[in-house]
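# Breakdown of the fold
Here's the letter readout for the chains.
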Amino acid sequence: QVQLVESGGGLVQAGGSLRLSCAASGSIYRIDNMGWYRQAPGKQRELVAIISSGGSTTYADSVKGRFTISRDNAKNTMYLQMNSLNPEDTAVYCCYVQYMELVMRWSRDYWGQGTQVTVSS
């Protein structure tokens, strides 16, 4: 069993900032990729950013230069610093981890419940 605890969402005015966190715990031997996806009402889920265990990052074009993804491997925790937010960033943001399970060492994916980010104009 794996648990993902997401925090940091909320309501912010356009131009403001928020910092999301995602802490993973449970039957984990190793976490490989971690990432954030988002889904706005009436739209498909889209990738926001992904970070590998070595720190390599990938961003959606729409957030490049505004969002920064990072992780603390010792704490199995990932962060998303979001600056210069605009109303188009309003969505439910979900944490994603690709990990190796502790006992059988199988590779698995797991998603968090999501945290709401609302940007007012």
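Here the structure is shown first, and the text comes after it.
What counts and how
- Position numbers for residues start from 1 in each chain and track the written sequence from start to end.
- With the structure being a predicted model, the display of local features is reserved for residues of pLDDT at least 70 and the display and counting of side-chain atom pairs for 80 or more, all residues being used for whole-chain, interface and lining totals.
- As a rule here, side-chain values come from all non-hydrogen atoms in the structure, and water together with hydrogens is ignored.
- The way it works is that DSSP assigns letters per residue, a run of H or I at least four long becomes a helix, a run of E at least two long becomes a strand, and they are numbered from the N terminus.
- For the radius of gyration, the atom set is restricted to C-alpha positions; the globular benchmark scales as 2.2 Å times the number of residues to the power 0.38.
- Burial status follows relative accessibility: with a 1.4 Å probe on protein chains alone, a residue under 20% of its type maximum counts as buried, one over 50% as exposed, and anything between as partly exposed.
- When checking whether two residues touch, look at their non-hydrogen atoms; a contact exists if any pair is within 4.5 Å.
- Here a pair means two rings of Phe, Tyr or Trp (six-membered ring of Trp) with centres within 6.5 Å. Their orientation is stacked below 30 degrees between planes, edge-to-face above 60, and tilted elsewhere.
- Throughout, nonpolar core names a set of buried Ala, Val, Leu, Ile, Met, Phe, Trp, Tyr and Cys residues whose side chains join them through atoms within 4.5 Å.
- Here the term patch refers to residues with relative accessible area over 30% and no salt bridge, with like charges joined within 9 Å and nonpolar side chains (Val, Leu, Ile, Met, Phe, Trp, Tyr) within 5 Å.
- A 1.4 Å probe and the Shrake-Rupley method give the accessible areas. Residues count as covered only by the protein chains that appear here.
- Salt bridge, as used here, is a side-chain nitrogen of Lys or Arg placed within 4 Å of a carboxyl oxygen of Asp or Glu.

### Re the overall build of the protein
Assigned secondary structure in the protein consists of zero helices and eleven strands. Counting from the amino terminus, helix and strand elements in the protein follow one another as β-β-β-β-β-β-β-β-β-β-β. Relative to a compact globule of 121 residues, whose C-alpha radius of gyration would be 14 Å, the protein shows 14 Å and is just as compact. Dimensions of the protein, computed from C-alpha atoms along their principal axes, come out at roughly 50 × 25 × 25 Å. Of all 121 residues assigned to the protein, the portion counted as buried reaches 43%. For the protein, restricting intrachain contacts to residue pairs at least 6 apart in sequence, the fraction spanning at least 24 positions comes to 55%.

### A word on the packing of aromatic side chains
Going through the model one piece at a time under the given rule, you end up with three aromatic pairs. Residues Y37 and W111 carry aromatic rings whose centres are separated by 4.9 Å and whose planes lie at 65 degrees to one another, so their mutual orientation is edge-to-face. Placement of the pair is Y37 in strand 4 (residues 28-39) and W111 in strand 10 (residues 107-111), with a sequence separation of 74 residues. An angle of 45 degrees between the planes, with centres 4.8 Å apart, marks the rings of Y96 and W111 as tilted.

### Some points on the nonpolar core
Within the largest apolar cluster, 31 residues are counted, with the highest numbers of intra-cluster contacts made by W36, L80, M82 and Y93. Going through the elements one at a time, strand 1 (2-7), strand 3 (18-26), strand 4, strand 5 (46-51), strand 7 (67-72), strand 8 (77-82), strand 9 (91-101) and strand 11 (115-120) are the ones with two or more residues in this core. At five residues, the largest contribution of residues to this core is made by strand 9. Non-local contacts of Y93, meaning those with residues more than four positions away in its chain, are made with E6, L20, W36, Y37, R38, V48, F67, L80, M82, G114, T115 and V117.

### Comments concerning a nonpolar patch on the surface
Residues Y29, L102, V103, M104 and W106 make up a contiguous nonpolar surface patch of roughly 530 Å² in combined accessible area. As for its placement among the helices and strands, L102 is situated in the loop between strand 9 and strand 10. Owing to a relative accessible area of 39%, L102 belongs among the partly exposed residues under this scheme.

### Considerations on unusual backbone geometry
Here N76, not a glycine, exhibits a phi torsion of approximately 50 degrees, which is positive. As for its position among the elements, N76 is in the loop between strand 7 and strand 8. In this model, S84 sits at a positive phi of 50 degrees, which is unusual for a non-glycine residue. Tracing the backbone through its elements, the reader meets S84 in the loop between strand 8 and strand 9. A relative accessible area of 43% means that S84 is categorised as partly exposed.

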